[in-house]
Each structure stands twice: as C-alpha cells, then as structure tokens.
Amino acid sequence: MRVGLLYSRIRRDEKLLLSELRERGHEVEKIDVRRQRFGLTEAPEAFADLDVVLDRCGATSRSLYVTRFLDAYGVPVVNSHETARICADKVENSLALAAAGVPTPTTEVAFTVESALDIIEDFGYPCVLKPVVGSWGNLMAKIDSRDAAEAILEHKETLGHYEHKVFYIQEFVDKPGRDIRVLATDGEPVAAMVRSSEHWLTNAARGAETDSFELDDRARELVAEASEAVGGGLLGVDLMEVGVDGDGADDYTVHEVNHTVEFKALDDTVETDVAGDVVSWLEDRVEVDG
Amino acid sequence: MAECVECGAELDLHEDLEVGEIVDCPTCGTELEVIDVEPAVLDQAPELEEDWGE
C-alpha cells in the first residue's frame, strides 16, 4: 500500500512506524505538514494516489485542520477528522463518553471566574482544573483550597487565549498512584501499561514509571465503548481504577481518549510489537476500504 | 557527522537518520532538526507549542 505519513517532527514513534512500513514493503510518502498548502477543492500533490494518510502531526490545531481538508478531498486519513475533533477537546471528549454511558469523572464547565468558583466549592477540595486543549499534563491544576482556586482562575483569565477562559473542572479521582494507558485499534487493545508516580499527574511524558498491565474483561469492554464513542481509530484510552482494595479495582473510569497517540513508552514497556500491530491494523483497514 | 548550529560541536549521528527527526546536541543540549541526511544537515528545531502532544 501507499501510505502518507503526515508529520511535523519525526519522533521515535514515527521512526518505529516508518521502519515497520518499509520492512513490509509498503511505499511511504513522508509529508512535512509545515511545507504544505491546502486549497479548498484539490488535494496537494503530496497526497496523490495514497491509500491512506496516517496523521502524526503532533500539533492539535494542524491535525484538526488537515484531517478536515483530507475529508473534503476524499483522501482516507487515520484518524478521521470526526475522531480528532472529539478527542482534541476535553469538553467534546467528556460529552462523547458520557453520551455513550462510559463512566467518566464528574465534570462541569463555566465561562466566568465566579461560576467556576461555584463549581469548585460544590465539588469540594481537591478538584482539578484542566485546559480544554492541551496535553502531556500541561497546565493541569489540582486545587486544594479556595485561595488556590482564586489565584489559578485569575492567572488563567489573564493568559490571553479565549480557550483559557473556558473553565473545565473535574472531580479529583483518588486513583491508586497510577493510571492505565491502553493503545487500541478500533476498540481492540494492542497493549496496555500502568503509569505510576508519586505526583498526582501520571503522564509518561512527566517521567511516570511504566509497567505492563493485563486488562480484565471490564477494562476491555470500556476501551471498546470509549473507542466507539469517539468514532474509532488508532487511539490511546486512559483509565483510572476506582474502588481499589486488596482484591483489585471495583471498576474503572475513562478520563480521556487521545487521537494522536504516542506509544514509545508503551513499546519499551510491553512485549508486544506495538508498531507491528498498528501497521497490521492499517493494512486490514486499507484492504477493507479499498 | 554534522555540526551543531548553536555551539558548533561535532555530532556523531546514527545511521538510520530521518529527515524531520529531532536530535539533541550532547554539548549544549539544543534540539536540532535533521534537514537533510546525505550529507546530514541540522538546524534548530521548532519550539513546541501549547497544542503539541497527544
């Protein structure tokens, strides 16, 4: 197959995919999104005769617009614009999960400091304030007191971009010092790991320790449901364990689904050949769509 | 081998270098983007922006 790999930076994740694709004899067109121009009707030359484009842009804004353009041109892209649109925005993400009946942390949104403070006081302390667009745990705040809430909200209001005035407030989930990252293709788990840290943020990008994790039936069910809720594709589904005691977790809550999923930490942690499984899924998908 | 555009140090690059890849200068720590591979040419990598990441 002819695969377009759309990128801004070639990270180790993209190198793993490139190696796998080339080893299997696929033709790969690397497309640097920074050098492309997108008109309203015709796909740029770099996208001609591709069986599929793999969006590995890295930047959410680029990913959103490029997938939209590719949809308009009729060029198949993974992930789809619809999936990107839902996953890129935490409000959309939470609404999609809730609408699908997937357990997700209690969340409310407000547009003024006063209303945000009302939500925070109702939730109690600690609670969590997140940017609606953002990643790697950036600008996430665990709020432990009203004084902290007032200060953080005031700072956010002065950051400039209107997105920072959309106050996304979430209950603090008392997870057991770790969360679970599942890489899934159309809801089928490829591999899973736990990310553990003393810090309340357990992103691998922030240095959390990782270990492989065996998913139980309930977790598998939620991964499938969460994937479907956002339109499927190559996704990173993040879960937290709730009601943990000596016998393990009572249940899980899904806090996020990521659409431009990084997997180098997962690949280092598990036995599974993650890039290999992703490419196999891509081959099947192109065969079905083709 | 290629030269760091920031500090001028010589970088020993690995064989499977890709255009678009980011390498760190071991001397000054600057992130460098691979602009070309034969021969290797490096430039300062673009800054990560707020909406980057998964």
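Fair warning: this is a prediction, and the values are worked out from it, not measured in the lab.

A. Just the overall build of chain B, in detail. Counting its regular elements, chain B contains 0 helices and 5 strands. Secondary structure elements of chain B, listed N to C terminal, follow the sequence β-β-β-β-β. With 54 residues in all, chain B has 19% of them scored as buried. Taking all contacts inside chain B whose residues are at least 6 apart in sequence as the whole, residues at least 24 apart take part in 21%.

B. Layout of the overall build of chain A. Counting its regular elements, chain A contains 9 helices and 13 strands. In terms of C-alpha radius of gyration, chain A reaches 20 Å, essentially the compact-globule figure of 19 Å for 290 residues. Over its C-alpha atoms, taken along the principal directions, chain A stretches across nearly 55 × 45 × 30 Å. Each of the 290 residues in chain A was classed as buried or not, and the buried ones make up 42%. Long-range pairs, those at least 24 residues apart, make up 65% of the contacts in chain A with a sequence separation of at least 6.

C. The sheet that holds strand S5 (residues 107–110) of chain A, seen in detail. All names here are of chain A. Taken in spatial order, the 4 strands of this open sheet run S5-S8-S6-S7, and their pairing is antiparallel. With one partner strand each, in any of the chains shown, S5 and strand S7 (141–143) form the two edges of the open sheet. The mean inter-strand angle of the sheet, taken between neighbouring strand axes irrespective of direction, is 30°. Summarising the sheet, S5 and strand S8 (residues 167–171) pair through 4 bridges and their orientation is antiparallel. From the neighbouring strand, glutamate 108 faces S8, where its bridge partner is isoleucine 169. Contacts between helix H5 (residues 113–123) and the sheet are confined to S5, strand S6 (127–130), S7 and S8, with S8 contributing the most and set at about 5° to the helix.

D. Structural context of the packing of helix H3 (residues 81–88) of chain A against helix H4 (residues 90–99) of chain A. Residues and elements named next belong to chain A. Interhelical geometry of H3 versus H4 gives an angle of 105° and a closest axis separation of 5 Å. With respect to H4, the axis of H3 lies roughly perpendicular. Residue-level contacts link Arg85, Ile86 and Cys87 of H3 to Glu92, Asn93 and Ala96 of H4. Taken together, the residues that form the contact of H3 with H4 break down as 3 nonpolar, 1 polar and 2 charged.

E. Quick peek at the sheet that holds strand S3 (residues 52–56) of chain A. Residues and elements named next belong to chain A. An order of S2-S1-S3-S4 is seen for the 4 strands of this open sheet, with the pairing classed as parallel. Bordering the open sheet on either side are strand S2 (27–32) and strand S4 (77–78), each of which pairs with just one other strand. In terms of strand pairing, strand S1 (residues 2–7) meets S2 through 6 bridges, oriented parallel. For tyrosine 7, the partnering residue across the bridge sits in S2 and is aspartate 32.

F. Inspection of the environment of histidine 26 of chain A at higher detail. Residue and element names in this part refer to chain A. In this fold, histidine 26 is placed in the loop between helix H1 (12–23) and S2. It is 5.3 Å that separates the C-alpha atoms of histidine 26 and methionine 1, two residues lying 25 residues apart in sequence. Setting aside its immediate chain neighbours within four residues, histidine 26 contacts Met1, Val3 and Leu21.

G. Spatial organisation of the domain arrangement of chain A. Residues and elements named next belong to chain A. Assigned domains within chain A: domain 1 (2–88), domain 2 (106–171) and domain 3 (174–272). Distance from the C-alpha centre of domain 2 to the C-alpha centre of domain 3: 24 Å. Residue composition of the side of domain 2 that touches domain 3, grouped by class: 2 nonpolar, 1 polar and 1 charged.

Conventions we followed
- Residues numbered from 1 in each chain as written.
- Chains lettered and ligands numbered in written order.
- Predicted model: local features only at pLDDT ≥ 70, side-chain atom pairs only at ≥ 80, totals over all residues.
- Helix = DSSP H or I, 4+ residues; strand = E, 2+ residues; numbered from the N terminus.
- Buried ≥ 20, exposed ≤ 12 C-beta atoms within 10 Å, placed from the backbone.
- Contact = placed C-beta atoms within 7 Å.
- Rg over C-alpha atoms; globule rule 2.2 N^0.38 Å.
- Pairing = 2+ DSSP bridges.
- Axes fitted to C-alpha atoms, helices over the stretch in contact; angles between N-to-C directions.
- Parallel < 35°, antiparallel > 145°, perpendicular 65-115°, else oblique.
- Nonpolar A, V, L, I, M, F, W, Y, C, P; charged D, E, K, R; others polar.
- Domains from an automatic or database assignment.

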